[in-house]
Amino acid sequence: MPAAPGGEPPAPPPTPAGYGHGAPGPGGLDHKVLKSLLGAWALAACSAEETAAVEAHLTDCATCAEEALRLRDAVGLLHAEDSLDLDPMLRTRVLEGCLVRRPPRIPVPDWAAPYDAETARLDALLRDMADAEWRAPVRLRWFDGEREAERDTTVAGVIGHLFAVDGLVAPVLGLPDPLRHGEGPGGPARRSPGEARGAAAFPGEIFPGDVVQGPVARTEAFWALDPGEHHTAAARELWRDQGHAMIRHVSFAEGDTADFRVSYGEFDLPLHDAFLDRAFECWMHAEDIADAVDYPYGPPAAGHLNLLVDLAARQLPGTIAGRRRAGLAPPPRKLAAAGAPGRTLHLEVEGSGGGHWYIPLDSPGADASPEEEVAHVALDGLEFCQLAAGHVPPQDAAAGQDGDREAIRDVLFAAASLSRL
Amino acid sequence: MANDTSPRWDRKMQQRLARGEAAALGELYDRFASLVHSLAHRVLDDDEAADAATREVFSYVWENPHAFDPREGPMRSWIAALTQRIATGRLRRRQRGHGPYSPEQAELVEEKVRAASTAARADYIVTSMPASLRAALELAYFQRRDYRQTAERLGVTEDEARRRLRLGLQLLSSAMTQPTAPPPPEVDGAGSSDGAGSSGGGAGSSGGVGLSHGLGSAHGGVGTAHGLERRQ
């Protein structure tokens, strides 16, 4: 606590009778003006003449003297704000402790927990961000299937991106799509019920269709809405409110959601996986932001990390198949019958949240089995996630590799291809 | 985020907590954890102890959502008072843990607890006052500007700058007004009871009333401050 500027508080002065409160003091200033100066005086924020005038007045005026003393003491209570960062992992510990003592009647589903935790962690990072930091440049990087791609935005732009893409999930839960024509941020409440589609709440009419599909189109649409706005902190509240609403709705909907699917335009995901996908994105972009403003940022909790790695591993066979169809990967060595054991890659993810996954190589429908292992790839969990985020080119992934080179290449390229803007 | 939540938000949150909605607990944490932790840290001056106090505060709210009475003031000040109560309880126990205990030492402990409470109340007041007052104090105190420079930076008249500095300090000085009652019963016992789900009881509600009283001075001060902000 820095010492209060200025000297000792003045001693309580005697109060000689006979001084009218309205009488001008020694500096020619009257009681009212001198009184108004007390705060500035206590903070040593007036001129030398004013200070002298106030102090002379204090020997005459008991009320002012009493207040001056009180305000001077109050100055002693000011101190620099601690830059103590709340341990981001404390949230999980606190909530778990609470839920053990009083089990919730309406729990957050396990598969939504990583999204809940990651959005809270990112929000904590954003909390104390200064205006300038919201405008800090961020380079988003991903692997477009063939090569690395990148796009420049700002910290606020990243949050807008998360908001716009989370908005793919929201309507599945009965929440408004923030990019739906006519439903500006703030939702349908901003238009009257009878209002036709023609009247967009957004500036300009840029969404002629019903729903803007796909993460990229949605992000571009949101960024284009108001190039000024997405560079400000305003995006945070939209994103945060939507995230809280998603968690809330999914808690109430739990039993009924197993069959829900979220369309990403070119592909879709079961709702449960979409929540994991959004958690993964949130974490990776939080790292982008943390880098941009030079803050430290750690990995998710081990249990959550495991779910995120699992999602990526489960998406690999389908992605390999997609790459083959697109001519980006060589055709399968043999055509495996669905359900029959086929050639398998053993993916070993090390570190907290890691584990073993067996990836069928010939077709997504084939069964993977340790007996059919033709290759083994071992890498650290965080490294795997960086690969799946497209932050590490597949040919550079520092993986322990053993076995069929082509199979390993297919899997590493497929992992990188999971990434997108 | 430093401002009070709306009365509607408070009531809704209370209902959701009472209903046992885990998502509400998460939102409550997101809203208040940083306030709770910093106040606890101000009192206890130790990371781990502040973490433990934070756990206790949220446990108490989760297990006793009905202890909050919206008529007594906003949830934010209730939680701040609860935090202070729990943190000072922990400080008192820690001090007493240091061996034999004479009346003089007891008085010393109480003095420490009082100082810590005042500091925490002051922090709470600073985070709760209107941004315009906080900005004026920030310029005059931390950046050592005189009130004329402060006025210029804020784009207000010199009169207004003087007014803000004085009002800000007046609010802050209310932190030094001790509650007139003797140290109130500690709620940490209630917070760490094993009676999971035992919400509502007499202890809970009387605790709620006592807590609001504990922060009475800050309450009034902040109320005034909000009135001012609305006028601007």
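Only a predicted model underlies this, so the values are computations on that prediction, with no experimental measurement involved.

Calculation rules
- Throughout, residues of each chain are indexed from 1 in the direction in which the sequence is written.
- Naming scheme: in the order in which they are written, chains are lettered from A and ligands are numbered from 1.
- With pLDDT at 70 or above as the cut-off, local features in this predicted model cover only qualifying residues; side-chain atom pairs require 80 or more to be listed or tallied, and sums for whole chains, interfaces and linings still use all residues.
- UniProt positions are given in the numbering used here, feature names are shortened, and annotations may be inferred rather than shown by experiment.
- Numbering goes from the N terminus for both helices and strands, where a helix is a DSSP run of H or I of at least four residues and a strand is a run of E of at least two.
- A pair of strands counts as paired when DSSP detects no fewer than two bridges linking them.
- Structural elements are reduced to axes, namely lines fitted to C-alpha atoms, with helices fitted over the stretch in contact, and the angle between N-to-C directions of any two is expressed from 0 to 180 degrees.
- The contact criterion used is a C-beta to C-beta distance within 7 Å, with each C-beta placed from the backbone.
- For the exposure call, what matters is how many other C-beta atoms sit within 10 Å of a residue's own: 20 or more marks it buried, 12 or fewer exposed, and in between partly exposed, using C-beta atoms placed from the backbone.
- Each direction from the helix axis to a C-beta atom contributes to the arc, which is the arc of those directions.
- Residues are grouped as follows: nonpolar covers Ala, Val, Leu, Ile, Met, Phe, Trp, Tyr, Cys and Pro; charged covers Asp, Glu, Lys and Arg; every other residue, Gly included, is treated as polar.

1. A few points about the UniProt feature "domain: RNA polymerase sigma-70 region" (unreviewed entry) in chain B
In step 1: Here, the residues flagged by UniProt with the feature "domain: RNA polymerase sigma-70 region" (unreviewed entry) are residues 28-96 of chain B.
In step 2: The span residues 28-96 of chain B shows a helical share of 81% and a strand share of 0%, and its end C-alpha atoms are spaced 32 Å apart.

2. Looking at the sheet that holds strand E5 (residues 344-350) of chain A
Residues and elements named next belong to chain A.
In step 1: Here we have four strands laid out as an open sheet, ordered E6-E5-E7-E8, and mixed in their pairing. Because the sheet does not close on itself, it has two edges, and the strands there are strand E6 (355-360) and strand E8 (400-403). The sheet shows a mean angle of 15 degrees between the axes of neighbouring strands, taken without regard to direction.
In step 2: Of the strand pairs in this sheet, strand E7 (residues 373-380) and E8 are connected by four bridges, and their pairing is antiparallel. Bridge pairing in E8 places Val377 opposite Gln401.
In step 3: Strands in contact with helix H13 (residues 381-388) are E5 and E7; relative to E7, the strand with the most contacts, it is inclined by about 100 degrees.

3. Details of unusual backbone geometry
Residue and element names in this part refer to chain B.
In step 1: Positive phi is not limited to glycine here, since Asp45 has a value of about 55 degrees.
In step 2: Position of Asp45 among the secondary structure elements: in the loop between helix H2 (22-44) and helix H3 (47-63).
In step 3: Asp45 gets classed as exposed once you count the C-beta atoms within 10 Å, which come to 12.
In step 4: Not every positive phi belongs to a glycine, and Arg144 is a case in point at roughly 55 degrees.
In step 5: Assignment of secondary structure puts Arg144 in the loop between helix H6 (131-142) and helix H7 (147-154).

4. Some points on the UniProt feature "domain: RNA polymerase sigma factor 70 region 4 type" (unreviewed entry) in chain B
In step 1: In the numbering adopted here, UniProt assigns the feature "domain: RNA polymerase sigma factor 70 region 4 type" (unreviewed entry) to residues 126-171 of chain B.
In step 2: In residues 126-171 of chain B, helix accounts for 80% and strand for 0%; the two terminal C-alpha atoms are 8 Å from one another.

5. Overview of H7 of chain B
In step 1: Considered for burial, the residues of H7 of chain B that qualify are Tyr147, Thr150 and Ala151 of chain B. Around the axis of H7 of chain B, the buried residues are gathered within 100 degrees of arc, so they sit on the same side.
In step 2: Here the buried face of H7 of chain B lies against helix H2 (38-42) of chain A together with H6 and helix H8 (158-173) of chain B.
In step 3: Looking one or two places after H7 of chain B, you find Gly155 of chain B, whose phi comes out positive at around 70 degrees.

6. Quick notes on the interface of chain A and chain B
In step 1: If you look at the interface, chain A gives 46 residues, while chain B gives 48 residues.
In step 2: Those elements that place two or more of their residues in the side of chain A that touches chain B are H2, helix H4 (62-75), helix H5 (90-101), helix H6 (113-127) and helix H10 (234-253) of chain A.
In step 3: No other element matches the nine residues that H5 of chain A contributes to the side of chain A that touches chain B.
In step 4: Each residue belonging to the side of chain A that touches chain B can be placed in one class, and the counts come to 27 nonpolar, six polar and 13 charged.

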